[in-house]
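Listed below are the residues making up each chain.
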Amino acid sequence: MSFHSMWAELLPIGRSSASGGYRRFAWTGADADCRAWFRQQAEARGLAHEVDRNGNQWAWLGDPAEGNAVVTGSHLDSVPDGGAFDGPLGIVSAFAALDELRAGGASFTRPVAIVNFGDEEGARFGLACVGSRLTAGQLTVEQAHRLTDGDGISLPQAMEAAGHDPDAIGPDPDRLARIGAFVELHVEQGRALDLSGDRIGVASAIWPHGRWRFDFRGEANHAGTTRLADRRDPMLSYAETVLAARREAELAGAVATFGKVAVEPNGVNAIPSLVRGWLDSRAADQESLDTVVGAVQKAARDHAAAHGVDLDVERESFTPVVEFDHALRDELARILGSDTDLKVPVLGTGAGHDAGILSGRIPTAMLFVRNPTGVSHSPAESATEDDCVAGVTALADVLEGLACT
């Protein structure tokens, strides 16, 4: 099956007719449909399909027990109203690259696998890369069992409802010990390749990043009868903190975003009692990130105090800077650079990935495919057909160089 036919099959799954974006959230019906598609693709190729203890899907060519396997893949879930390419491009390209190599008579000397990591985006339970974090031991069973969605459904309840045993989750060191390299292809989330005129890039590092929850607690009251001087309005403190985050990020050359907010009692004619906002911040180095987050927290406390509002701040997740394996990165650049017509820029990224989570346990690397607008986590996310095909070819070259020699 060609890249185009696979892409056409996957395209309608979980797509909103209203927004045109995707709502493929972990352990939902759309997620189940994506998983069924993955299994179908594996079985159609005679690959051994399995689901590990943490709900990640694997499609194996060769015996994984031999060890030193070369693994590629990404994820199929999405952010709310996300784009088509973030995650799925890596999996569709993996199947297409493997098809290309087998059609050309490639002789594999190492086992090869394609993986679909579960709940990479964290859209439902608020924590990104749950599947890979559990596998790598970066998320404990107890922490995972405490995760809940907006409706109060816990991760174990959602997994069980989808037919997966939540009591089985946990670190999977034996599986990781069988992997010699993981290479994740991903659409670029930014415009570096577009600006340089290159179709394909190799990742150097992932910026340190995290999520912080800010709870501003004031006093609910009547919007029409409460004097401005008598109000303890947490919305004011929150709004001023949002502006502070933008200001501090600009000063540090970083990024900071309040992209999610919950308000109680959430009435048009009621002063809020609680405004809860989530900060996502990322920077090229740890010092810059600490500077931004520290300054935002100080601004939030100052504004809260000025309005008689209480404030609690909790860090919900954090990933330190990830330097991808230098030897593997250089090998990718060497393999791709053997084609003198293909320049291979090396670039960093502010986006988190499963490859980054696994980098502390196994050698990992990433390939980026050009995004002409740089837009991501949006229905407007895009990549041209020619660039997608170039990505498949590049991934096939990498797999051949790593697993067929």
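Data block above holds the structure.
This is a predicted model, so every value here is computed, not measured. (Residues numbered from 1 in each chain as written. Predicted model: local features only at pLDDT ≥ 70, side-chain atom pairs only at ≥ 80, totals over all residues. Heavy atoms only, no water.)

### Things to note about the sheet that holds strand E12 (residues 310-319)
Sheets are built from strands paired through backbone hydrogen bonds, the pairs being either parallel or antiparallel. Across the sheet, which stays open at both edges, the 4 strands sit in the order E9-E11-E7-E12 with antiparallel pairing between neighbours. Both edges of this open sheet fall to strand E9 (255-264) and E12, since each of them pairs with a single strand only. Along the sheet, successive strands turn relative to each other by an average axial angle of 15°, direction set aside. Pairing analysis gives 9 bridges linking strand E7 (residues 209-217) to E12, with the strands arranged antiparallel. Paired with Trp 212 across the bridge in E12 is Arg 315. Against the sheet, helix H9 (residues 234-252) makes contact with E7, E9 and strand E11 (274-282), and its axis sits at roughly 170° relative to E9, the strand it touches most. The strands touched by helix H10 (residues 286-306) are E7, E9, E11 and E12; relative to E7, the strand with the most contacts, the crossing angle is about 5°. (Pairing = 2+ DSSP bridges. Helix = DSSP H or I, 4+ residues; strand = E, 2+ residues; numbered from the N terminus. Axes fitted to C-alpha atoms, helices over the stretch in contact; angles between N-to-C directions. Contact = heavy atoms within 4.5 Å.)

### Examining the pattern of salt bridges
Tallied over the entire structure, the rule returns 23 salt bridges. A salt bridge links Arg 45 to Asp 99; the nearest nitrogen and oxygen atoms lie 2.8 Å apart. Of this pair, Arg 45 sits in the loop between helix H2 (29-44) and strand E1 (48-51) while Asp 99 sits in helix H3 (residues 88-103), and the two are 54 residues apart along the sequence. Residue classification places Arg 45 among the buried residues on the basis of a relative accessible area of 12%. Here Arg 175 makes a salt bridge to Asp 52, at a shortest N to O gap of 3.9 Å. In this pair, Arg 175 sits in helix H7 (residues 173-177) while Asp 52 sits in the loop between E1 and strand E2 (57-61), placing the two residues 123 residues apart along the sequence. Of the two residues, Arg 175 and Asp 52, both sit in the buried class. Residues joined by salt bridges that share partners form a network here, namely Arg 213, Asp 215, Arg 217, Arg 276, Asp 312, Glu 314 and Glu 316. (Salt bridge = Lys/Arg side-chain N within 4 Å of Asp/Glu carboxyl O. Buried < 20%, exposed > 50% of the residue type's maximum accessible area, 1.4 Å probe, protein only.)

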